[in-house]
Amino acid sequence: MIPYTVNIKLAARTLTGTLNLQNKTAVDWGWQGLIAQGCHTSILIIDPKTAQTIQVLERHKANVVKVKWSRENYHHSLSSPYSLRLASADAAGKIIVWDVVSGIAHCEIQEHTKPIQDMDWLWNQDASRDLLLAVHPPNYIVLWNGDTGTKLWKKSYAENILSFSFDPFDPANLALLTSEGIVFITDFSHSKPPGSSGKKVYIASPHSSPAHSKPTAIQPTGAKKALNKVKVLITNEKPTAEAVTLNDCLQLSYLPSKRSHMLLLYPREILILDLELSQTVGVVAIERSGVPFIQVIPCAQRDALYCLHENGCITLRVCRSTTPLAEEAAVDPEQAVQELVYDLRAQCDAIRVTKTVRPYRAMLCPVNENRAALVVSDGRVMLWELKAHASKAAANPSTGLSPLYTPLDFCATPLAQNQKRIPDLSLNSMIGKTCYAIHTQYILQEVQLRFILTGLLSGLPLPPFSLRMCPPLTTKNINHYQPLLAVGSSNGSVLVYNLTSGLLHKELSVHSCEVRGIEWVSLTSFLSFATSAPNNMGLVRNELQHVDLRTGRCFAFRGERGNDESAIEMIKVSHLKQYLVVVFRDKPLELWDVRTGTLLREMAKNFPTVTALEWSPSHNLKSLKKKQLAAREAMARQTTLSDAEQSSVESSVISLLQDAESKAETSQGISAREHFVFTDTDGQVYHITVEGNTVKDGARIPPDGSMGSIACIAWKGDTLVLGDVDGNLNFWDLKARLSRGFPTHRGWVKKIRFAPGKGNQKLLVMYTDGVDVWDTKEVQMVSSIRVGRNVTYRILDIDWCTSDKVVLASDDGCVRVLEMAMKSASYRMDEQDLTDPVWCPYLLLPRAALTLKAFLLLQPWSGTFTMDITQVDYSEKDEIKGLVQEQLNSLSKSPHLPSTDFILIPHSLLCPSLFGDESDLLFWTVTAHYLQSFAQARQLDVPGPTSPSPAGARQQSTPQGHLDICHDTLCESSFFQRFQLERVHLQEVKRSSYEHTKKCADQLLLLGQTDRAVQLLLETSADNPSYYCDSLKACLVTTIPSSGPSQSTIKLVATNMIASGKLAEGVQLLCLIDKAADACRYLQTYGEWNRAAWLAKVRLNPAEASDVLKRWAEHLCSPQVNQKTKAILVLLSLGCFHKVGEMLHSMRYFDRAALFIEACLKYGVMEANEITNILSKLIGAAFADYARLLRSTGLREGSALWASRAGGAGEEILEELFQGEGSGPDIAPGEQEANSSPGAAD
């Protein structure tokens, strides 16, 4: 009986190696927490936390050029579950949308046959989550439905499109980088193609920039002067041919950290553009000796850039605060802001770049933005994590860098002076907001950043490969068997992979040149040989090494032999691993004893040239054993014993001899007789017998006239198969003495191998153009793959890895383990045998994933924090329970685990960041901030929730005080206003033409900075056509505050202007006479909703601004706009918490609604000014629906708790819960479990 079983059921898998140049851009890190990477025609799915490949997707016929994870920017429920969806595009123009868990292609899209230039999922997912925009060369953009594969619309442009970037603040804006410039589209919509052909702007070459003109001695003043000289980069006229070399521009992307800013990347500089002015406001330039950029990733949480350089170094640059310190500003007000400066704050180690090894792409974790991954062309993936540590000393004065500080709050909860900080959760909890200079009364914790390498995945080296699987599993070795595959590489190393996990077991540097063949001599040792390049006499250096895997010890098996001799053609080890034959090209073969390492026979000079050789599986070990056994039994019988005793002795003798037999097989002991056959150049078959150290020549069989020169032989049982150089296979049945020939017409038969396993007569045949599997019993072909017909790669080597799976090495640098049918198939991720458990809730069934989320959100259970789901009342199948518990176990190993002093809000923030739930994360970030600030305002008795509390009042109590500017119009008015003033000041410094000056003056008027605006208006030169107009305007602005009648006249003129289509001018006039509220109303009437919100933020008092923003929220909720999630965030920033609760409930976001209302009650921001009856009705309904939802996920304990809080509305649920004890989970109200949902495998 076997004491325990070994898992030898090997999954089909692909071991990948070096990348193709076309795979360079095919890499993406999704919100789901996984990395997808294209490798030739396959796609690898990597888990960055444990550095494991957990899936390989194979279906593309051409190289993969782009991969994109779908966004998670929607509310998840049973009908819209957590799913791993990935789009991949290849060089033949095919796009495949995958369900990654099952490895099945969900849909396939084909429009043209050229490589897809760029693609991305639409991020605004209120209307639909399935829309995918792709650039089909040369000049089409097509919007696809990624769920069904239908084309929604197609639009062509005048120039070739290289890439595109969505505006993260406005779904209607899209920028295309074309071969000539940039095209801005402002009317992008999923329902119809853009109407206009967009606004075309040309990029003047940035060679006037400091990187090319900087003096060698860099003095700060010189550099500053040089930076101020950066010319206008964006022009509406087409530049002359010599002025522009656009292929220079490597990348264009919007900055997700602040609105209407864009970044252009050139090899030696990054330009930051302000799109309102179409003007460069910042430059990151590299000195002449510096390493050029390849790629830059802008962050959303802070104004920072991750840059990848040509030496594989990733640097982090953080924008310097534009707020001057009070004393600096007093000295030189002009010096305050010259341009945006990005300071280098951290950099990781570079890699060694060679001709074949160069960095391809970097990715950033979109959830936390503190982890980066680098993909190298040799197939390596390096995983870097950014760590923050407190720095004691003041910032080094010689570097001139201002210090970075940690945030003063965590998840909107202010930190006490001595409270332990939790910095490494995400980028925004490591670095504080940039404008801290004002809070000088607080002791700020300085912080320094550094990169740490947390994981490394390496691929196979460059092909060609030689493969050999270790000896097969038998009943004797089942207790310690490991399915090891040895891969010999072109650089002389041998890589040993464990095929259960697909991980590298050992990499051994054995030879100094390409490994030509490997033969195992036991489960833990093998022989490998390599031959150097021939010298001018055609002689080579042969290396034959014996390697012991347990110790890693290598020794030269042939001792001193091997220099300047004919090349080794092959080595063959006998079935009992006793003898070894070494065959040379122009020299007779050698016969060695493997156990003692001695040469038994070197054949005579006149020995025939060997073309193919194989050992016979038959040997006389069994008959030797029988003789020994008979002798011992006879000895045992001589002693007279009772029958019972005798039988026990016999059994013990037998077991002793079985031990002896197994020992003899492996080491010393009996030398059994073994045979081998070989063919010479004429096709004659020789038979030779080896026993101990005697070698006997046996029968010779004359050549078969139908066969050409024999290239290879395989022998198993009573079947011998010969293959020749013309593609003929000859099957010999030795028992029946029959032979059958089969012409395959496939050319040279390179290799033939029988499958392991008793009675398994399957045969693997390799040709120059593919591989077949034959059944030698029936003498017929079982399956076949052929280069060009069903695969694109050439096969280099073959072997069997189990009785029903084959392993193929191919010239695309991959080693594939395939079923016998040899269809390359992806596997189910949830069936994999991984060494480290992976935290990925997306692998669970839809309902189980929601259960896991609720289980984490509703901690503590019965007052205690627990990571054991069996401690709560959870009715579900044990199998699913086990899977949920596995996820919890893998999470509890993670350092970012909720600790017991967490309150509700950080919990609801932590859970979405663990799940990668974009919409939840944004909602709770804004909620946490405004609940905190309104609760505080209430304690200070600042006017209630309808008006955002004055910033001054709040700053006295805590230094926190504003959302970062990446939230745009959701920020507090005071902070938003300050940011806009800084921005317009920067624009003013950077302006270089009359248009720019005019735009700056307009902005200053809207912001109420009349004196500065007048100065700019008076700068207009006399020969400018607008000189008269601008002068009059300046006079008007200075005389405004005079009389009442002038105000009414101006108002009349403004309304007439607006009516006749001059909206911007009319709005300006209204702002001059402090009628900004009317201006906002006009802007909204004419559909300029964003502009109206902007103006309300910078000009209106809280009550008026609140009215404007509420109207905007109503507009966002309307069916034709359908941006309800945005509307909810706007209402949150106004403190309309009751309305938000109602909206969440009406949208059927039951979990979010209930948790939100509970948080409001906890912070005490909901009960005042509310009619208690309405409120209690909302609370009852929301809590009762959440209880039903929890019951449907199987969490009965949670359901009972929320039902009991719901008052009258929950009584019915409580009754049902206690009546239906033991009944299975129900379906929640209005939810149908999506059967088509990825992973619905039950």
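Scroll up to find the structure.
Because the structure is a prediction, the values reported are computed rather than measured.

The end-to-end C-alpha distance of helix H7 (residues 846-857) is 17 Å, a good match for the 16 Å that twelve residues give at a rise of 1.5 Å each. Counting buried positions along H7 yields twelve of twelve residues, so the element is predominantly enclosed. Where H7 is concerned, the buried positions are Pro846, Arg847, Ala848, Ala849, Leu850, Thr851, Leu852, Lys853, Ala854, Phe855, Leu856 and Leu857.

With antiparallel pairing, four strands are arranged side by side in an open sheet as S19-S20-S21-S22. In this open sheet, the two edge strands, each paired with only one partner strand, are strand S19 (251-254) and strand S22 (279-285). Pairwise comparison of adjacent strand axes, ignoring direction, gives a mean angle of 20° for this sheet. Pairing geometry for strand S20 (residues 261-266) and strand S21 (residues 269-274), over six bridges, is antiparallel. If you follow Tyr266 over to S21, its bridge partner there is Glu269. Along the sheet, helix H12 (residues 973-990) makes contact with S20, S21 and S22, crossing S22 at roughly 85°.

The biggest cluster of nonpolar side chains holds 169 residues, and the ones touching the most others in it are Ile45, Leu84, Leu86, Leu1095, Phe1137 and Phe1156. At ten residues, helix H24 (residues 1172-1193) tops the list of elements feeding residues into this core. Residues contacting Phe1137, with those up to four places away along its chain left out, are Tyr930, Leu931, Phe934, Leu1132, Phe1156, Cys1160, Val1165 and Met1166. The next biggest cluster of nonpolar side chains, apart from the first, holds 31 residues, and it includes Leu15, Leu485, Trp520 and Val817.

So, on to the sheet that holds strand S13 (residues 151-156). Taken together, the four strands give an open sheet; going across it, the order is S10-S11-S12-S13, and neighbouring strands pair in antiparallel fashion. Edge positions in the sheet fall to strand S10 (118-121) and S13, since each of these pairs with one other strand and no more. This sheet shows a mean twist of 15° between the axes of neighbouring strands, independent of strand direction. Sheet topology note: the S10/strand S11 (residues 131-136) ladder contains four bridges and is antiparallel. Across the sheet, residue Asp118 finds its bridge partner in S11, namely Val135.

Time to look at the pattern of salt bridges. Scanning all chains against the criterion turns up 52 salt bridges. Where Arg59 meets Glu108, a salt bridge forms, and the shortest distance between an N and an O atom there is 2.2 Å. Residue Arg59 is located in the loop between strand S5 (52-58) and strand S6 (64-69), and its partner Glu108 is located in strand S9 (residues 104-110); the two are separated by 49 residues in the primary sequence. With a relative accessible area of 46%, Arg59 lands in the partly exposed category. For Arg85, the salt bridge identified is with Asp130, shortest N-O distance 2.7 Å.

Under the criterion given, the structure shown has 24 aromatic pairs. Aromatic side chains Phe607 and Phe678 sit 5.4 Å apart centroid to centroid with 35° between the ring planes, which places their arrangement in the tilted category. On the criterion of sequence distance, the pair formed by Phe607 in the loop between strand S45 (598-602) and strand S46 (612-619) and Phe678 in strand S47 (residues 673-679) is long-range, its members being 71 residues apart. Relative accessible area serves as the criterion here: at 18%, Phe607 is assigned to the buried category. The structure contains a cluster of three or more aromatic residues connected by ring pairs, namely Tyr579, Phe607, Trp615, Phe676, Phe678 and Tyr686. Lying over the aromatic face of Tyr74, Arg129 brings its terminal NZ or CZ to 4.3 Å of the ring centre. Over the ring of Tyr793 we find Arg816, and its NZ or CZ is 3.9 Å from the ring centre.

Definitions and limits used
- Residues numbered from 1 in each chain as written.
- Predicted model: local features only at pLDDT ≥ 70, side-chain atom pairs only at ≥ 80, totals over all residues.
- Heavy atoms only, no water.
- Helix = DSSP H or I, 4+ residues; strand = E, 2+ residues; numbered from the N terminus.
- Expected span 1.5 Å × (residues − 1).
- Buried < 20%, exposed > 50% of the residue type's maximum accessible area, 1.4 Å probe, protein only.
- Pairing = 2+ DSSP bridges.
- Axes fitted to C-alpha atoms, helices over the stretch in contact; angles between N-to-C directions.
- Contact = heavy atoms within 4.5 Å.
- Core = buried A, V, L, I, M, F, W, Y, C linked by side-chain atoms within 4.5 Å.
- Salt bridge = Lys/Arg side-chain N within 4 Å of Asp/Glu carboxyl O.
- Phe/Tyr/Trp six-rings, centres within 6.5 Å; stacked < 30°, edge-to-face > 60°.
- Lys NZ or Arg CZ within 6 Å of the ring centre and 35° of its normal.

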